[in-house]
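# Structure at a glance
Here is how the chains run, residue by residue.
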Amino acid sequence: MNEDRKTLDQRAQMTDIERLRHSASHVLATAILKIWPEAQFAAGPPVENGFYYDVDLGHRISPGDFEKIEAEMKKEIKANHPFERMEVSRDEALDLGKKGRLAALSDRDQPSKFKIDIIENIPPGEKISLYRNGDFIDLCAGPHVMRTGNIGAFKLTSVASAYYKGDEKNPQLQRVYGTAFKTKKELDDYFAMLEEGKKRDHRKLGKELEIYIIDDDVGPGLPMWLPRGGAIIDELEKLARETEFAAGYQRVRTPHIAREVLYKKSGHLPYYAESIFPPMTLTERLDSTPQQLNDSTKYYLKAMNCPHHHKLFAAVPRSYRDLPLRLAEYGTCYRYEQSGELFGLMRVRSMQMNDAHLYMTPEQFEAEFNGVNQMYLNYFKLFGIERYLMRFSTHDPSKLGQKFVDEPELWKQTEVMTRNVLKNSGINYVEVANEAAFYGPKIDVQAWSVIGREFSIATNQVDFAQPRRFNLVYKDKDNTEKTPLCIHRAPLGTHERFIGFLIEHYAGNFPLWLSPEQVRILTIGDDAKLIEYSMSILNELRGHQVRAEIEKSTDQINGKIQRAEQMKVHTMFVIGKRDMEADAVSVRIHGKGNLGAKPRSEVIADILSSIKERRA
């Protein structure tokens, strides 16, 4: 599959840090050529958190080469060469490519083969430009920083294999990765974040804290939740139920499979076919008469909830007085992600989605869209998510009928409506072309954990196409039939992705209300009266639905505390003879240590109120 080529307009929208990293990739190529003059280069763009350059070279680059490459890069930065833009004709660019001058320090015996291919695929009429820094000249649309000395602090990070243009039929190249920042402090902070991220990795903590497993016999990308993970899921579903009930949502349930005809009607087939599990072909008798022929019918695992919800809307006659109608479900969906893309809980093949579909009149759109956004903001506050961004994705008119439904006027109308609401609400957003859902514009919610790692955790989509495809109608005030607009939203995303985010966000140290094990009782000794007193506390807590356990081993208290700390149990009650005699407990909080002895009734009351209020 070919990698998407950015348009000149998209390139012009590069941020300052992207320009810096793009410039660093040219300096990287310059340095490699200083060491290996025969190197041939393909693409060298900025990417999330850094940059890379693809290189064809007989020498196998390894991390052991990074020091000498970086030394040459530093020389180029110290020389402070300007980045000079030169506009050329297609013929001039091809002539330079044939001389081997593109992505090179001078003319060479071998042509710049990848650059020539890129030139030949540039759309007719598009301007062709080169950039020079020192002796290095590259085919490039830019933009760049003013001079190499503006690049700041950088570091090479890794090297991998990559097919030219992402197509396995093309040559395999070496992809050298690096990152760059304006200052040394920013660079150091970034690598400190990566080190902290390794400690917080949800795959590592998910196993250590017994939250979930992925078993080979069950299948890759199909997580199973252990009891501690199940407890987190219960709390998130309870939060969603309460929040959505207060906002006027109604809960529904739908099956895990459906006939092929449903997904053809919705338009997911063929647009979404590569992400849907292969069909099951069943033979069903059409009626009970023996003479009746059988009908072979294809069924698919549910990849999305929306077609089912549209059927529920259509099941009952609707009036404008019934709108907005908000149908919610924590529906389980199945998507065939490629094996190489599976990643812990972040990319899976089965997912439980905090889904809902809102049906409304055009006049109700702004209020409903704002209501959804406010729900996001309330959740962010609850989970301590201070940095977030809404990515507003629009369509590409040239891909109507291919990647996007062929409704140009409705695309314009809904994109304008969505853009206006985002502007009027003051929500932090960026606009991205060519990434909408096939049936309408969408918003991807990006959130940053407390250590600065970015996650895509939720989506919010506007749909003008599917209500029409399903012939969804309501009777308006004038008794005419109208088609509603639909908003697809999932503020808590999927259990899988959101819990993966929360594990890393909290480093497994969940707040009390969300903690898989909220209280563990640790006795000092095994005196019968002490055990009886501790069991009475356990029963009182569990009577109030607190997830409490009692340590049953006969180990010394220090060993019991160590095990509870390792499992990141939120609150420990350490109970000895003095505590029992005073009707008290000694409280220990994970990460905070011993808080001392307190009256039993006071401590339990505080725990219950903390859980009820969902305190941080």
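Please refer to the structure higher up on the page.
Given the structure is predicted, the values throughout are model-derived calculations rather than measurements.

The rules we used
Residues numbered from 1 in each chain as written. Predicted model: local features only at pLDDT ≥ 70, side-chain atom pairs only at ≥ 80, totals over all residues. Heavy atoms only, no water. Pairing = 2+ DSSP bridges. Helix = DSSP H or I, 4+ residues; strand = E, 2+ residues; numbered from the N terminus. Axes fitted to C-alpha atoms, helices over the stretch in contact; angles between N-to-C directions. Contact = heavy atoms within 4.5 Å. Buried < 20%, exposed > 50% of the residue type's maximum accessible area, 1.4 Å probe, protein only. Core = buried A, V, L, I, M, F, W, Y, C linked by side-chain atoms within 4.5 Å.

## Looking at the sheet that holds strand 25 (residues 548-550)
Pairing in this open sheet of five strands is mixed, and the strands run 25-24-26-27-28 from one edge to the other. Looking at strand neighbours, the two that pair on one side only are strand 25 and strand 28 (593-599), the edges of this open sheet. Here the strands of the sheet are splayed against their neighbours by 25 degrees on average, with no regard to which way each runs. Summarising the sheet, strand 24 (residues 519-523) and strand 26 (residues 571-575) pair through five bridges and their orientation is parallel. Pairing of leucine 522 across the sheet is with valine 574, part of strand 26. Strands strand 24, strand 26 and strand 27 (584-589) of the sheet are contacted by helix 17 (residues 557-566), whose axis makes an angle of about 170 degrees with strand 24. With respect to the sheet, helix 19 (residues 600-613) is in contact with strand 24, strand 26, strand 27 and strand 28, its orientation differing from that of strand 28 by roughly 120 degrees.

## Brief notes about the pairing of strand 26
Here is the key point about a regular strand: its side chains alternate between the two faces of the sheet. Across the five residues that make up strand 26, a large majority, five, are buried. Of the two faces of strand 26, the one carrying Thr571, Phe573 and Ile575 and the one carrying Met572 and Val574 are both buried. Two strands pair when backbone bridges link them, and strand 26 and strand 27 are joined in this way by four bridges, in the antiparallel orientation. Each bridged residue has a counterpart across the sheet, and for threonine 571 the counterpart in strand 27 is isoleucine 589.

## Here's the deal with the sheet that holds strand 5 (residues 128-133)
A sheet is described by the order of its strands in space; here three strands give the open sequence 4-5-6, paired in antiparallel fashion. One side of each edge strand has no neighbouring strand; the edge strands of this open sheet are strand 4 (84-88) and strand 6 (136-139). When the angles between neighbouring strand axes are averaged without regard to direction, this sheet yields 25 degrees. Sheet topology note: the strand 4/strand 5 ladder contains five bridges and is antiparallel. Along strand 5, the bridge assignment pairs glutamate 84 with arginine 132.

## Notes on the nonpolar core
Counting 82 residues, the largest nonpolar core has Phe383, Ile457 and Phe573 as the members making the most contacts within it. It is helix 12 (residues 365-383) that contributes the most residues to this core, eight residues altogether. Ignoring sequence-local partners within four residues, the contact set of isoleucine 457 consists of Phe380, Ile385, Val445, Ala447, Leu492, Gly493, Arg497, Phe498 and Phe501. Judged by nonpolar contacts, the second largest core, of 31 residues, contains Ile32, Trp36, Ile61 and Ile69.

## Some thoughts on unusual backbone geometry
A cis amide bond links glycine 142 with the next residue in sequence, proline 143, at an omega value of -5 degrees. Among the structural elements, proline 143 can be located in the loop between strand 6 and strand 7 (153-163). The omega torsion across leucine 323 and proline 324 is 0 degrees, close enough to zero to call that bond cis. Along the chain, the position of proline 324 falls in the loop between helix 11 (306-314) and strand 15 (325-334). Even without glycine at this site, asparagine 479 takes up a positive phi of about 70 degrees. Positionally, asparagine 479 belongs in the loop between strand 21 (474-475) and strand 22 (481-482). Unusually for a residue other than glycine, aspartate 583 sits at a positive phi of about 50 degrees.

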